[in-house]
Amino acid sequence: MSIFILEDDLYQAQQMQQLIGEICEKKQIPYNFIEATSRADEILSKIALCTYTPIYFLDIEIKQETRKGLEVAREIRNVDPHGIIVFVTTHSELAPISYQYMVSALTFIEKDLPHETRRKLITECLAQYVTKNNTLIEEDYFVVDNAYTTIKVPFSTVEYIMTDEPHRLQLGTTNQLIQFYGTLKEIEQMDTRFIRCHKSVLINKKHVQQLDTKQQLVYLTTGKQVPVSRRLMKTIKALLKEG
């Protein structure tokens with residue numbers, strides 16, 4: 001399991017990281033890592049690598065930007081609809097405004113609460129985190145787990161996988177791009193829902209929308225285009241006829 005902390009005060013970040021670690025040890029809550037950072041991009045870049053539903057403890061004010069945490073929460077929601085978001089802040093007056101960002105935060109924890117009260121609230125949040133990971137109905141996931149990378153994304157969001165560089169692939173989903181090491185041949189053998197449309201491209205059959213024989217392109221449901229070889233046009237045509 002993955003625990004993220006967004007906090008620009010180094011001392012407070014270390015305190016939060018230590019407190020969460022102590023709670024997890026006492027309650028025997030398993031986790032892969034506790035990531036404390038002041039940079040939103042460090043969190044966003046690691047979400048795709050999380051095997052289970054993460055929990056995010058976000059400070060609302062980052063580097064004098066009063067609503068930065070709310071904006072980060074919205075970015076998180078674009079790639080992680082299930083993660084648990086908790087705001088840890090001195091700006092509890094922004095709680096009503098958070099609804100405008102539509103990020104479905106679990107709760108607000110005020111920084112100036114007594115230590116034991118904060119510990120109790122964080123413990124309750126982590127209990128929700130455990131419950132959600134234990135009971136969340138597993139979606140059908142596309143998973144790559146090898147010596148170089150671990151990726152887990154809902155298969156329904158996977159649009160295509162193409163060769164990026166030698167031994168490196170690009171995974172295109174409906175909302176993100178992920179580079180990882182592997183071969184198309186390995187991926188092709190993993191799931192029959194992939195179909196090859198080009199020597200360097202696999203596509204998810206469910207996302208094939210249209211074939212342009214003149215331009216030699218396959219249009220996917222989001223409007224993205226990938227190349228199709230003449231040799232494989234008949235295969236794509238047959239797929240479209242199947243509906």
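Just so you know, these numbers come straight off a predicted model, no measurement behind them.

A description of the UniProt feature "modified residue: 4-aspartylphosphate" (unreviewed entry) in the chain should follow, citing residues and the corresponding values.
Sequence positions flagged by UniProt for "modified residue: 4-aspartylphosphate" (unreviewed entry) are, in local numbering, Asp59. Position of Asp59 among the secondary structure elements: in the loop between β3 (55-58) and α3 (68-79). Leaving out residues up to four positions away in the same chain, Asp59 has contacts with Leu6, Glu7, Asp8, Gly69, Val88, Thr89 and Lys111.

Which residues make up the sheet that holds β3, and what values go with them?
Whenever strands of a sheet pair, they do so through backbone hydrogen bonds, lying parallel or antiparallel. Pairing is parallel across the open sheet formed by five strands, whose spatial order is β2-β1-β3-β4-β5. Where the open sheet ends on each side, the last strands, each with one partner, are β2 (33-37) and β5 (107-110). Recorded for the sheet is a direction-independent mean angle of 20° between the axes of neighbouring strands. Where strand β1 (residues 2-6) and β2 come together, five bridges link them in parallel fashion. When the bridges of β2 are listed, Ser2 appears paired with Phe33. Each of β1, β3 and β4 (84-89) is contacted by α3, which is oriented at about 170° to β4, the strand it contacts most.

Residue-level account of the nonpolar core, with values.
Grouped together as the largest cluster of nonpolar side chains are 21 residues, with contacts concentrated most on Ile3, Ile20, Ile55, Phe57, Ile122, Leu126 and Tyr129. Of all the elements in the fold, those that place two or more residues in this core are β1, α1 (10-27), β3, β4 and α5 (115-135). Those residues in contact with Tyr129, other than ones at most four positions away along the chain, are Met1, Ser2, Ile3, Ile29, Pro30, Tyr31, Thr53, Pro54, Ile55 and Ile84. Core analysis: the next-biggest nonpolar cluster, separate from the first, contains 19 residues, Leu6, Ile47, Ile97 and Tyr101 among them.

Please set out the packing of aromatic side chains residue by residue, giving values where relevant.
Tallied over the entire structure, the rule returns six aromatic pairs. A ring pair is formed by Phe4 and Phe33, whose centres lie 5.3 Å apart and whose planes are at 70°; its orientation type is edge-to-face. Here Phe4, found in strand β1, pairs with Phe33, found in strand β2; they are 29 residues apart in sequence, far enough to count as distant. Owing to a relative accessible area of 26%, Phe33 belongs among the partly exposed residues under this scheme. Ring centres of Phe142 and Phe194 lie 5.6 Å apart, and the angle between their planes is 85°; on these two criteria the pair is classed as edge-to-face. One end of the pair, Phe142, is in strand β6 (residues 141-145); the other, Phe194, is in strand β11 (residues 194-198), and 52 residues separate them in sequence. Across the pair, exposure class does not vary: Phe142 and Phe194 are buried alike. Ring-pair connections join several aromatic residues into one group, and the members of that group are Phe4, Phe33 and Tyr56. If you follow Lys152 out to its NZ or CZ, it ends over the ring of Tyr141, 4.3 Å from the centre. Looking at Arg193, its charged tip hangs above the ring of Phe155, at a distance of 3.8 Å from the centre.

Explain the environment of Ile85 to me, using residue names and the numbers behind them.
Along the chain, Ile85 turns up in strand β4. Along the sequence, Ile85 and Val103 sit 18 residues apart, while their C-alpha atoms lie 7.8 Å from each other. If we ignore the near neighbours within four places in the chain, the residues touching Ile85 are Tyr56, Leu58, Ala73, Ile76, Arg77, Val103, Ala105, Leu106 and Thr107.

Explain α3 to me, using residue names and the numbers behind them.
Its twelve residues give α3 an end-to-end C-alpha distance of 18 Å, which sits within 8% of 16 Å, the value for a rise of 1.5 Å per residue. Those residues of α3 lying buried are Gly69, Leu70, Val72, Ala73, Ile76 and Arg77. In a view along the axis of α3, the buried residues occupy a sector of 160°, so they form one face of it.

Hey, could you go over the layout of surface pockets for me, with residue numbers and the actual values?
In this structure, the second largest pocket spans a volume of roughly 280 Å³. Residue assignment for the lining of the second largest pocket shows that the elements contributing at least two residues are β1, α1, β3 and α5. Class assignment for the residues of the lining of the second largest pocket results in eight nonpolar, four polar and six charged.

I'd like a rundown of the side chain of Arg118, residues and numbers included.
Counting through the fold element by element, Arg118 comes out in helix α5. Despite its burial, Arg118 pairs with no opposite charge, the nearest such side chain being Asp112 at 7.6 Å. Apart from residues no more than four positions distant in its own chain, Arg118 is found in contact with Leu19, Ile109, Glu110, Lys111 and Leu113.

Procedures and definitions
- Residues numbered from 1 in each chain as written.
- Predicted model: local features only at pLDDT ≥ 70, side-chain atom pairs only at ≥ 80, totals over all residues.
- Heavy atoms only, no water.
- UniProt positions renumbered as here; feature names shortened; annotations may be inferred.
- Helix = DSSP H or I, 4+ residues; strand = E, 2+ residues; numbered from the N terminus.
- Contact = heavy atoms within 4.5 Å.
- Pairing = 2+ DSSP bridges.
- Axes fitted to C-alpha atoms, helices over the stretch in contact; angles between N-to-C directions.
- Core = buried A, V, L, I, M, F, W, Y, C linked by side-chain atoms within 4.5 Å.
- Buried < 20%, exposed > 50% of the residue type's maximum accessible area, 1.4 Å probe, protein only.
- Phe/Tyr/Trp six-rings, centres within 6.5 Å; stacked < 30°, edge-to-face > 60°.
- Lys NZ or Arg CZ within 6 Å of the ring centre and 35° of its normal.
- Expected span 1.5 Å × (residues − 1).
- Arc of directions from axis to C-beta.
- 1 Å grid on protein atoms, 1.4 Å probe; cavity = no way out; pocket = protein on both sides within 12 Å on 5 of 7 lines; lining within 4 Å.
- Points joined across faces, edges and corners; volume = space filled by probe spheres on them.
- Nonpolar A, V, L, I, M, F, W, Y, C, P; charged D, E, K, R; others polar.
- Lys, Arg positive; Asp, Glu negative; His and termini not counted.
- Salt bridge = Lys/Arg side-chain N within 4 Å of Asp/Glu carboxyl O.

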